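# Coordinate inspection notes
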Amino acid sequence: SPARFDDKLSLEVGVEHLGNTSIRSRHRFRRDGELLVEATIRHVLVDRETLSKTPIPDWMRDGLARWVVGDDTPAPGG
C-alpha cells in the first residue's frame, strides 16, 4: 500500500553480499510493522579516473561486515 506524506516510516538497511568489486544492499520500508516496499541495490566500486571496477578495500569490507544479513535475517535496526 502507498505511504502518505505524514506517515511515520521505518527503514531497514543491510548488506546482503560483499563481493570482490561490488556490494549488494537490501532496503525495506515499513509502516507500523507492515512491509510497504523492499529493494536491493548493487553498488560497484570503480576507479574514478578509469571507471574500471576495483576491489573493495579491506577498511571498507571490515566496516561493512557487521551489517551483513542473510536472506531471512532482518536488516540491522529492524
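These remarks concern the structure in this document. Remember, predicted model here, so these are calculated numbers, not experimental data.

Mapped onto the elements of the fold, Leu 64 is located in helix α1 (residues 58-64). Given a relative accessible area of 22%, Leu 64 falls into the partly exposed group. C-alpha of Leu 64 to C-alpha of Gly 14: the two residues are 50 residues apart in sequence and 9.1 Å apart in space. With residues near it in sequence (within four places) discarded, Leu 64 still touches Val 15, Leu 18 and Ile 23.

Next up on the list: the pattern of salt bridges. If the charged atoms of two oppositely charged side chains come close together, the side chains can form a pair. If you walk through the whole model with that rule in mind, you get seven salt bridges. The salt bridge partner of Glu 12 is Arg 28, with a shortest N-O separation of 3.8 Å. Here Glu 12, found in strand β1 (residues 10-18), pairs with Arg 28, found in strand β2 (residues 22-31); they are 16 residues apart in sequence, far enough to count as distant. For Glu 12, a relative accessible area of 5% gives the class buried.

Among the 10 residues that make up β2, eight are buried, leaving the element largely enclosed by the rest of the structure. As defined by bridge partners, β1 adjoins β2 across eight bridges and the pair is classed as antiparallel. Residue pairing across strands places Gly 14 opposite Arg 26, the latter belonging to β2. Connecting the antiparallel pair β1 and β2 is a turn made up of three residues. For β2 and strand β3 (residues 34-44), the ladder comprises 10 bridges, and the chain directions are antiparallel. By the bridge assignment, Arg 30 is partnered in β3 with Leu 35. Hairpin connection, β2 to β3: the antiparallel pair is bridged by two residues, and Asp 32 has positive phi, about 50 degrees.

Criteria and cut-off values
- Residues numbered from 1 in each chain as written.
- Predicted model: local features only at pLDDT ≥ 70, side-chain atom pairs only at ≥ 80, totals over all residues.
- Heavy atoms only, no water.
- Helix = DSSP H or I, 4+ residues; strand = E, 2+ residues; numbered from the N terminus.
- Buried < 20%, exposed > 50% of the residue type's maximum accessible area, 1.4 Å probe, protein only.
- Contact = heavy atoms within 4.5 Å.
- Salt bridge = Lys/Arg side-chain N within 4 Å of Asp/Glu carboxyl O.
- Pairing = 2+ DSSP bridges.

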